Amino acid sequence: MEHQVLRLPARRRGSGRGGPEPLWREALGRQLRRERRARGQRIVDVAARAGVSPQYLSELERGRKDPSSEVLAAVAGSLDLTVLDLTRRAAVHLAPAAAGRVGGPTVSALGLAA
């Protein structure tokens, strides 16, 4: 059996810092970690409330995994957030890269500002 290699397009360069445009899972993970730490909570406790393993939550926070909508709702709920609250806050991490492009949207233009 012959295997074919799927080639994905290169990630676009973000503006300003010169690095690649952030992925959604990275922005979401960054916000999850920020929310958990702001509450002074341990990863093991948040994971237990959400019904996921601490290892999986760690992978989410590091932007290594894309959660299903069910897992996202459970993790958000374990932080006393709605999915909408969490996604609005995570979108802020994407806004600087998008705003630097000609015609790029801003968080407020997307209706994501809290």
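In what follows, the structure referred to is the one given above.
The text that follows walks through the structure, step by step, so that each part is easy to find. (Residues numbered from 1 in each chain as written. Predicted model: local features only at pLDDT ≥ 70, side-chain atom pairs only at ≥ 80, totals over all residues. Heavy atoms only, no water.)

With that out of the way, let us pick up the overall build of the protein. A tally of regular secondary structure across the protein gives six helices and zero strands. Counted from the first residue to the last, the protein has its helices and strands arranged as α-α-α-α-α-α. Taking contacts inside the protein between residues at least 6 apart in sequence as the whole, the part at least 24 apart equals 54%. Accessible surface computed for the protein: about 7500 Å², of which carbon and sulfur atoms make up 53%. (Helix = DSSP H or I, 4+ residues; strand = E, 2+ residues; numbered from the N terminus. Contact = heavy atoms within 4.5 Å. Areas by Shrake-Rupley, 256 points an atom, 1.4 Å probe, with all protein chains shown as cover.)

To continue, consider the nonpolar core. L32, L57, V75 and L86 are the most contacted members of the largest nonpolar core, which totals 16 residues. Those elements giving two or more residues to this core turn out to be α1 (24–38), α2 (43–50), α3 (54–61), α4 (69–78) and α5 (83–91). If one sorts the elements of this core by residue count, α4 sits on top with four residues. Not counting chain neighbours up to four residues away, the residues in contact with L86 comprise L28, Q31, L32, E35, L72, A76 and L81. (Core = buried A, V, L, I, M, F, W, Y, C linked by side-chain atoms within 4.5 Å. Buried < 20%, exposed > 50% of the residue type's maximum accessible area, 1.4 Å probe, protein only.)

Interaxial distance between α4 and α5 falls to 9 Å at its minimum, and their mutual angle equals 90°. Classed by the angle they form, the pair α4 and α5 counts as roughly perpendicular. For the pair α4 and α5, contact is made by L72, A73 and A76 and by V83, L86 and T87, respectively. Broken down by class, the residue content of the contact of α4 with α5 amounts to five nonpolar, one polar and no charged. (Axes fitted to C-alpha atoms, helices over the stretch in contact; angles between N-to-C directions. Parallel < 35°, antiparallel > 145°, perpendicular 65-115°, else oblique. Nonpolar A, V, L, I, M, F, W, Y, C, P; charged D, E, K, R; others polar.)

Bringing the environment of T87 into the picture now. With respect to the element layout, T87 can be found in helix α5. Residues T87 and L28, 59 residues apart in the sequence, show an inter-C-alpha distance of 7.1 Å. Setting aside anything within four residues of it in sequence, one finds T87 in contact with W24 and L72. A polar side-chain atom of T87 sits 3.1 Å from the main-chain carbonyl oxygen of L84. (Polar contact = N/O pair within 3.5 Å; in protein donor to acceptor, adjacent residues only side chain to side chain.)

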